[in-house]
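Structural features, examined
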Amino acid sequence: MARFTNTIVIIGTLTLLSYVLQPVENYSWKTIKQNQSEFNVSSIHEHLGQGLIFGLLGEFRNITADFLWIQMYTYWENKKKDQTSSWVRLVTIISPRTRHFWLEGARIVGYDIPYWKINSLGGSFKVPERVQDTYLKKQALIAIKLLHQALEHHPNDYSITMQIAQFYYDKLKDKEKAAEYFLLASKSHHSTGLASRIYAKLLVEFHREQEAHDFLNIYLESLLKDDPYNDKYIIIKKIRDLKIEIDKKK
Amino acid sequence: MKNAFYPCWLIAQNTFLEAVRQKFFYVLLFLSIALLGTSYYFRHFNFGSSELKFIIDFCFGMMVIFGALLAIIITAQLFFSELENRTAITLLAKPVARWQFLIGKFLGVWFLMLAFSLILSLMITFVLWNREQAFMEIPEVIESLAGKPLIHYSDIYLYLFLQWIKLGILSSLTLLIASFSKSNLFTIVVACFAFIICQIQYLAKDYYTEFDFFFIRWIIGLIGWSFPNFQIFNIGDQLVLESPHRLLIHAKEYCSIILYGVAYIIAYSLLSVFSFRKRELS
C-alpha cells in the first residue's frame, strides 16, 4: 500500500509540476522549436520510426546525418535507387540546415536515379525514348519537390533556385517555368551574373528582345564598378548585340 | 540552517572525491578526449557541412551522451555502494538525516558533472581556437565575416551551463529511481529509459491528442506531462558558429530554461527524500 501511495504521490507531483512549469517551458521552447525545424512532428511524420530514433540522439543528430550521408553513398555506388532516395530524404529531414544535402540529394534524385532505371532496363539504346523521357521527367519532378522543401529552410537561396531552374530547363523542357526561376535566382542573395544572362537569353528565345535588353541594362547598373571579377564586359557585349537585333527588327 | 546543510556539504565533498577516483570516470573522460581528438581528423571527409560545424556538433554530442552515461551510472553506483557496503547504515546512525545523505550524494555527483563538462569545454575551446587560427589566414573567410567573430567562445560556456543543469536533472532523477529500487542494474536501465523519454518528451506532448485509442492517448499524455523536456537544453547546434542560423537567445529565455531545470532538480530531490524516508536499509 505504501509503495502504491509513493507512486501516486510521485506521478501526481511531477504532473502538477509540469503543469505549473508549462508557461516557463513555453517561453523558451517557442524560440528553440521555431529555429529547429526537425523538432516539429509534422516534419518527421513520414519517417516517424527513424525520426524518433534520431530525436533521441540530441546533439548527435547532425553527426548522425553526416554519417548517414556517407552511408547513402554506399547505396549510390551500388545504384540502389530506392534506398538512395529514401536515405537522401532521411538525411535532409534530420539535418535540414545543411544546404549541401538538399542540393546534392536533389541532383542524385534528378540526374542519377533515372539513368540507373534506364540502364537496368537495357540501356538508352534499347529503352524507347518516350519511356526514358517519362523516367527523366518523373525524377526531375521529385527533385524539384525536394528543392522546394529546401527553400523553406533556405529561403531565397541562389544555388537552390538555380538548381530548380536547371531541372525545368534541362529535364522538363519547360522554358517558361525555367525563366521564372532564373529570374528568381538572379534576384537572390549572392547571385552571380549567370542567372541573369540565362534569363535574358530565354527572353530572347521567347522573342522578347526589348525586355531582355532592358533587364540586362538594369543588371549592368547594379554591378559594382570596382569589382574586377564581375561580368560587366560580357553584359555590355550582350546589350550591344541585342540592340543591333532590336534595330534590325524595326 | 547552516548546521543542517553542513553534513550535506561534507557528504558532497566525499562523494565527489569518491567519484573522481572511480575508474569509470577516467575511462569516459579519456574516451571523450580521444574522440574529441579524432574529430580533428574526420574533417577530411566531405560531410556536407563546414569543418567547424562538424567539430562543434561532434564535441557537443559527446558531451551529451557521455555526460548522460556518467550521470546515470555514477549516481547509481555511488548510492548502491553505500547501501551494499553498509556505510549508509553507519552514516545514518550518526546525526545525519536521510535527506542530508541524499542531497549530499546528489551535490557530489553534480559537481563531478561540472568538472567533466568543464574539462571537455576547455578541450573544445582549444580545438576550435586551433582551427580558427588556420581559417583566419584565408582572406575570403575574413571578408565574409564582415568584422564578426567566426566562433563565439562564450556560447560554449553558455551551453556547458545548460548541460550541467540537464545532467543535474538526470542525476536527481536517477537518485529518485534508486531511492525505491532494489538493485543497481535496475536503476541504471530505468534511468536510461527515462533519459530517452526526456529526449522525446516534446513529441509525446505534441502528439498524444492524435491517438484514437483512449488508453494509448492517456499513457502517452502522462509520459508527456510527467517528464521534463530535455530538448530545451539541446541548443548547441544553433550556437557557437557565426551563421544566419545562429540562435540569439535572450537573457529572459535563458533564465527561463535555468528556472525550468532547477525546478525539476529540486522536485526530483524532494521526491527522492520522500521515497527514501521509510526505506529499510538492512
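Quick caveat, the model's predicted, so the values are computed rather than measured.

**What about the overall build of chain B?**
Helices and strands together make up the secondary structure of chain B, namely ten helices and zero strands. When the helices and strands of chain B are listed from N to C terminus, the series reads α-α-α-α-α-α-α-α-α-α. The principal-axis extents of the C-alpha atoms in chain B amount to approximately 70 × 50 × 35 Å. Sorting the 282 residues of chain B into buried and exposed places 54% on the buried side. Within chain B, residue pairs in contact and separated by at least 24 positions form 83% of the contacts whose partners lie at least 6 positions apart. Entry remark: accessible area of chain B is about 12800 Å², with carbon and sulfur atoms responsible for 70%. For chain B, the distance from the average position of its 20 positive side-chain charges to the average position of its 17 negative side-chain charges is 16 Å.

**With respect to the packing of helix α3 (residues 51-84) of chain B against helix α5 (residues 98-135) of chain B**
All names here are of chain B. Packing of α3 against α5 brings their axes to within 10 Å, and their N-to-C directions diverge by 160 degrees. Comparing their axes, α5 and α3 come out roughly antiparallel. Like other packed secondary-structure pairs, α3 and α5 cross with a definite hand, here right-handed.

**Observations concerning the pattern of salt bridges**
All names here are of chain A. Going through the model one piece at a time under the given rule, you end up with ten salt bridges over all chains. Across the pair Lys137 and Asp133 runs a salt bridge whose closest N-O atoms are separated by 3.4 Å. Linking Lys137 with Asp133, this pair stays in helix α7 (residues 129-153), spanning four residues, or about one helical turn. A salt bridge links Lys177 to Glu180; the shortest N-O distance between them is 3.7 Å. Of this pair, Lys177 and Glu180 are both found in helix α9 (residues 175-186), three residues apart, which corresponds to roughly one turn of the helix. Each member of the salt-bridge network shares a partner with another, and the members are Lys175, Lys201 and Glu205.

**Here's the deal with the environment of Thr92 of chain A**
Residues and elements named next belong to chain A. Along the chain, Thr92 turns up in helix α5 (residues 81-94). Each C-alpha atom, one on Thr92 and one on Met162, is 19 Å from the other, the two residues being 70 residues apart in sequence. With sequence-adjacent residues up to four places away left out, Thr92 is seen in contact with Phe101, Trp102 and Leu146. One polar contact links the side chain of Thr92 to the main-chain carbonyl oxygen of Arg89, over a distance of 2.8 Å.

**Description of the confidence of the model for chain A**
When pLDDT is averaged along chain A, the result is 83; 87% of the residues meet or exceed 70. Taken element by element, chain A is modelled with least confidence in helix α2 (residues 41-44) of chain A, mean pLDDT 52, and with most confidence in helix α8 (residues 158-171) of chain A, mean pLDDT 93.

**Here's the deal with the nonpolar core**
Residues Leu70, Phe79, Met113, Ile124, Leu128, Phe233 and Val240 of chain B are the most contacted members of the largest nonpolar core, which totals 95 residues. The element contributing the most residues to this core is α3 of chain B, with 22 residues. For Met113 of chain B, the residues in contact, after removing those within four places along its chain, are Gly67, Leu70, Ala71, Trp164 and Leu167 of chain B. The next biggest cluster of nonpolar side chains, apart from the first, holds 50 residues, and it includes Ala106, Leu151, Ala165 and Ala185 of chain A.

**Focus: the confidence of the model for chain B**
Of all residues in chain B, 91% have pLDDT values of 70 or greater, and the mean over the chain is 84. Across the whole predicted complex the pTM is 0.77, and at the interface the ipTM reaches 0.80.

**Some details on helix α9 (residues 214-226) of chain B**
Given 3.6 residues per turn, any residue in an α-helix points the same way as the ones three and four places further on. Helix length check: α9 of chain B (13 residues) gives 18 Å between terminal C-alpha atoms against 18 Å at 1.5 Å per residue, within 8%. All of the buried residues in α9 of chain B are Ile220, Gly221, Gly224 and Ser226 of chain B.

**Some details on the state of the cysteines**
One pass over the full model with this rule turns up zero disulfides over all chains. Residue Cys198 of chain B stays outside any disulfide, its sulfur separated by 12 Å from that of Cys192 of chain B, the closest cysteine.

**Some points on the packing of aromatic side chains**
Aromatic rings in a pair are described by how distant their centres are and how their planes are angled relative to each other. Residue and element names in this part refer to chain B. For the coordinates displayed, the defined rule picks out 26 aromatic pairs over all chains. Aromatic pair Phe101 and Phe276: ring centres 6.1 Å apart, planes at 25 degrees, arrangement stacked. Linking Phe101 in helix α5 with Phe276 in helix α10 (residues 251-276), this pair joins segments that are 175 residues apart in sequence. In this structure, Phe101 and Phe276 share a single accessibility class: buried. Consider the rings of Phe233 and Tyr260, whose centres lie 6.4 Å apart with planes at 35 degrees: the pair is tilted. On the criterion of sequence distance, the pair formed by Phe233 in the loop between α9 and α10 and Tyr260 in helix α10 is long-range, its members being 27 residues apart. Residue classification places Phe233 among the buried residues on the basis of a relative accessible area of 0%. Take Tyr260: its relative accessible area is 1%, and that puts it in the buried class. An aromatic cluster is present here, built from Phe195, Phe230, Phe233, Tyr260, Tyr264 and Tyr268 joined pairwise through their rings. Across the ring face of Phe276, the terminal group of Arg98 is positioned such that the distance to the ring centre comes to 5.2 Å.

**Quick word on unusual backbone geometry**
Residues and elements named next belong to chain A. The backbone of Lys79 sits at a positive phi, close to 55 degrees, despite the residue not being glycine. Along the polypeptide, Lys79 turns up in the loop between α4 (61-77) and α5. One non-glycine residue, Lys173, lies in positive phi territory at about 55 degrees. As for its placement among the helices and strands, Lys173 is situated in the loop between α8 and α9.

**Description of the environment of Lys177 of chain A**
Overall, the relative accessible area of 29% leaves Lys177 of chain A in the partly exposed class. As a C-alpha pair, Lys177 of chain A and Phe167 of chain A span ten residues in sequence and 9.8 Å in three-dimensional space.

**Things to note about the environment of Ser269 of chain B**
Counting through the fold element by element, Ser269 of chain B comes out in helix α10. Apart from residues no more than four positions distant in its own chain, Ser269 of chain B is found in contact with Ile103, Phe106 and Ser172 of chain B.

**Side note on the side chain of Ser272 of chain B**
Residues and elements named next belong to chain B. Here Ser272 shows up in helix α10. From its side chain, Ser272 meets the backbone oxygen of Tyr268 in a polar contact 2.5 Å long. If we skip the residues at most four places from it in the chain, Ser272 touches Leu102, Ser172, Leu175, Leu176 and Ser179.

Criteria and cut-off values
Note that residues are indexed from 1 along each chain, following the sequence as it is written. Here every chain gets a letter starting at A, and every ligand a number starting at 1, in the order they are written. Given that the model is predicted, a residue must reach a pLDDT of at least 70 before its local features are reported, and side-chain atom pairs must reach 80 or more before they are shown or counted; all residues, however, enter totals for whole chains, interfaces and linings. Computation of side-chain values covers all heavy atoms of the structure but excludes hydrogens and water. Secondary structure elements follow DSSP: runs of H or I of four or more residues count as helices, runs of E of two or more count as strands, with numbering from the N terminus. Only protein chains enter the accessibility calculation, which uses a 1.4 Å probe. A residue is then buried if its area is under 20% of the maximum for its type, exposed if over 50%, and partly exposed in between. Two residues qualify as a contact provided that any one of their heavy atoms is within 4.5 Å of a heavy atom in the partner residue. To be clear on the numbers: accessible area is Shrake-Rupley with a 1.4 Å probe, and residue cover counts the displayed protein chains and nothing else. Think of it this way: Lys and Arg go in the positive column, Asp and Glu in the negative one, and His and the chain ends go nowhere. For charged residues, the charge sits on one atom: NZ in Lys, CZ in Arg, CG in Asp, CD in Glu. In this analysis an axis means a line fitted to C-alpha atoms, helices contributing only their contacting stretch, and an angle means the value between N-to-C directions, from 0 to 180 degrees. These descriptions rest on fixed angle ranges, namely under 35 degrees for roughly parallel, over 145 for roughly antiparallel, 65 to 115 for roughly perpendicular, and the rest for oblique. Working rule for handedness: look at the near helix, and if it is turned counterclockwise from the far one by less than a right angle, call the crossing left-handed; if clockwise, right-handed. Salt-bridge detection follows one rule: a side-chain nitrogen of Lys or Arg within 4 Å of a carboxyl oxygen of Asp or Glu. Whenever two N or O atoms come within 3.5 Å, that pair is a polar contact, provided that in protein one can donate a hydrogen and the other can accept it, and provided that, for residues adjacent in sequence, both atoms are side-chain atoms. What pLDDT conveys is the predictor's confidence in a given residue, as a value from 0 to 100. We call a set of buried residues a nonpolar core when its members are Ala, Val, Leu, Ile, Met, Phe, Trp, Tyr or Cys and they connect through side-chain atoms within 4.5 Å of each other. For a helix, the expected span equals 1.5 Å multiplied by the number of residues minus one. Working definition: a disulfide is two cysteine sulfur atoms within 2.5 Å of each other. Two rings from Phe, Tyr or Trp (for Trp, the six-membered ring) form a pair when their centres sit within 6.5 Å of each other. Planes less than 30 degrees apart are called stacked, planes more than 60 degrees apart edge-to-face, and all others tilted. In this scheme, the term charge over a ring applies when either NZ of a lysine or CZ of an arginine sits within 6 Å of the ring centre and within 35 degrees of the ring normal.

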